Amino acid sequence: MKNITFLLIIAFIFMVPSLSLAQQSSDRQEQNKETKIEESQDQIKRPQTAKELIEYLKQRALLKVKAKRRERLLKIRLSASVSYGFDTNVPQDSSTKGDYFEENYFNFSWQPTFNKYFGLKTGYWLLNDNYQEQTDFNFLDHALNFSLVFTPFETGRVKLEPGIEHEWVWCEKSSESNYVNQKYFFKFRQYLGKEWDWNYGAGYEYADKIFDERKARDADNTDTQSNRHDTRHTADIYVTKYWGKFNFTIRGRAYVNYSNEQYLEYYDYYSYRPSITIGRTFLKDDNLYIAFNPSFERKNYMHRTAINTARFDNITSWAASLYYTFKKPYTLTYQFVYRKLGSNEDTARYKSIINLMGISVDF
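Quick caveat: nothing in here was measured; it's all calculated off a predicted structure. (Residues numbered from 1 in each chain as written. Predicted model: local features only at pLDDT ≥ 70, side-chain atom pairs only at ≥ 80, totals over all residues. Heavy atoms only, no water.)

> Help me get a handle on the overall build of the protein chain, residues and values and all.
Each helix and strand in the protein chain was counted, giving three helices and 14 strands. Looking at the protein chain as a whole, 40% of its 363 residues are labelled buried. Residue pairs at least 24 apart in sequence account for 57% of intrachain contacts in the protein chain once pairs closer than 6 positions are excluded. As displayed, the protein chain has an accessible area near 20,100 Å², and 61% of this comes from carbon and sulfur atoms. (Helix = DSSP H or I, 4+ residues; strand = E, 2+ residues; numbered from the N terminus. Buried < 20%, exposed > 50% of the residue type's maximum accessible area, 1.4 Å probe, protein only. Contact = heavy atoms within 4.5 Å. Areas by Shrake-Rupley, 256 points an atom, 1.4 Å probe, with all protein chains shown as cover.)

> Lay out a negative patch on the surface in plain terms, naming residues and giving numbers.
Among the surface-exposed residues, E176, D212, E213 and D223 lie close enough to one another that they form a single negatively charged patch. Among the structural elements, D223 can be located in strand β8 (residues 223–243). (Patch = residues over 30% accessible without salt bridge, like charges linked within 9 Å, V, L, I, M, F, W, Y side chains within 5 Å. Salt bridge = Lys/Arg side-chain N within 4 Å of Asp/Glu carboxyl O. Lys, Arg positive; Asp, Glu negative; His and termini not counted. Charge placed at Lys NZ, Arg CZ, Asp CG, Glu CD.)

> With reference to specific residues and values, describe the pairing of strand β14 (residues 350–362).
Looking down a regular strand, the side chains alternate between one sheet face and the other. Of the strand pairs in this sheet, strand β1 (residues 76–87) and β14 are connected by nine bridges, and their pairing is antiparallel. What sits directly across from S79, in β14, is D362. Sheet topology note: the strand β13 (residues 330–343)/β14 ladder contains 12 bridges and is antiparallel. Paired with Y334 across the bridge in β14 is M357. (Pairing = 2+ DSSP bridges.)

> Please give an account of the nonpolar core that cites residues and values.
With 10 residues, the main nonpolar core is built from I37, Y105, W125, L127, F139, A143, V169, C171, Y179 and F211. At the level of elements, β3 (118–131) and β4 (139–150) are the ones that each hand at least two residues to this core. (Core = buried A, V, L, I, M, F, W, Y, C linked by side-chain atoms within 4.5 Å.)

> Explain the pattern of salt bridges residue by residue, including any values.
Per the stated rule, a full pass over the model turns up 11 salt bridges. For D236, the salt bridge is made with R251, and the minimal N-O distance between the two is 2.6 Å. Taken together, the residues D236 in strand β8 and R251 in strand β9 (residues 246–259) connect sequence positions 15 residues apart. Here K245 and D286 are joined by a salt bridge, their closest N and O atoms 3.0 Å apart. With K245 in the loop between β8 and β9 and D286 in the loop between β10 (269–282) and β11 (288–306), this pair connects stretches of sequence that are 41 residues apart. One salt-bridge network, in which partners are shared between bridges, spans E165, E167 and K183.

> Describe the environment of F188, and please don't skip the residues or the numbers.
Relative to the helices and strands, F188 resides in strand β6 (residues 179–192). Measuring from C-alpha to C-alpha, the distance between F188 and Y200 comes to 8.4 Å, with 12 residues separating the pair along the chain.

> Any details on the environment of E30? Residues and values, ideally.
Here E30 is to be found in helix α1 (residues 2–44). What makes E30 buried here is its relative accessible area of 4%. With 148 residues separating them along the chain, E30 and N178 place their C-alpha atoms 9.5 Å apart. Those residues within four positions of E30 in sequence are excluded, and the remaining contacts are K209, F211, R214, R228 and Y267.

> Provide a residue-level description of the side chain of N128, including the pertinent values.
Along the polypeptide, N128 turns up in strand β3. Classification of N128 as buried rests on a relative accessible area of 18%. Contacts of N128, omitting those with residues within four sequence positions, involve E102, E103, N104, F139 and L140.

> If you had to explain the packing of aromatic side chains to someone new, which residues and values would you point to?
A complete count under the given rule lists 17 aromatic pairs for this structure. On the basis of an interplanar angle of 40 degrees and a centroid distance of 5.2 Å, the ring pair of F101 and Y131 is categorised as tilted. Here F101, found in strand β2 (residues 99–110), pairs with Y131, found in strand β3; they are 30 residues apart in sequence, far enough to count as distant. A ring pair is formed by F118 and F150, whose centres lie 5.6 Å apart and whose planes are at 40 degrees; its orientation type is tilted. Note that F118 is positioned in strand β3 and F150 in strand β4, a separation of 32 residues in sequence. Looking at F118, the relative accessible area reads 27%, which means it is partly exposed. (Phe/Tyr/Trp six-rings, centres within 6.5 Å; stacked < 30°, edge-to-face > 60°.)

> Account for the side chain of N178, with residues named and values stated.
With respect to the helices, strands and loops of the structure, N178 is situated in the loop between β5 (158–170) and β6. When residues no more than four places from it in sequence are discounted, the contact partners of N178 are V169, W170, C171, F211 and D212.

As structure tokens, this is what we get:
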């Protein structure tokens, strides 16, 4: 019995660090996936240029012509892209293990305008990343969305957009990272200036994320019967200025995340992220567009500790994007992202560089 007891104690000593490392690896994988999703979506949704704004105003003017209303009711947008790149630090840790990956994106939307006061936005989008060697980080993210678009004033300068989005995230090699995310949002935008060369906006989003298999832990770090469940409140505000071929956007985003995870309240934190985007079109036909987007994020954990104090992360990102439409509807794309995370948790610090090249089609 003494020998059995001794063996059990030894096994427990070695098992606890193993479980801890497994949890850290799972957390790192989840953070990596969420970061990649957010950065990819920001890159795909390039800032609106002055040329695109003028085109929008022309389309709005068409509403005054009854013959064009049917065309507006059938307005469909379709875009897709295939890109290949290299990430110098896929796990986002001190190991700096890099890997090649393929990224696929697809977006379909129907945006009818019924009259000068009321319209809809509804559609489906998909984002898929597949790594060559580190396949544990592969993911498929897709969503259905629906929103109403109100233009309450005849000038058309103010737009209100309440809506919902239902998102599914599936990880091929990590079923505990799969989740469903239900989002409810409200957006506001107003155009200013004689040439509509200023606009500002704000938004709020409530997200309800439920994991398929991952269980929430109790205060003793033991899995409960309940699946992990997070809720997030996000506020967003921005100002955009168009100046010739330039556009400038200053944005501020903040969110707070709550979870039913009781162990150190691991996933309770709040964050704020200021950013700026500078973009410009080039060439006579404006077919070349280049944007630069630095940002900084401060994430504060409410109870999760690092060396006896609450953990915090400082995330600095430098991103540059290039889009060249060589023949409509085909566009060559290139993105560069440098990301650095500083933290009072030594094991959390890392640097990464992503280079991504591809081709997209837009209809």
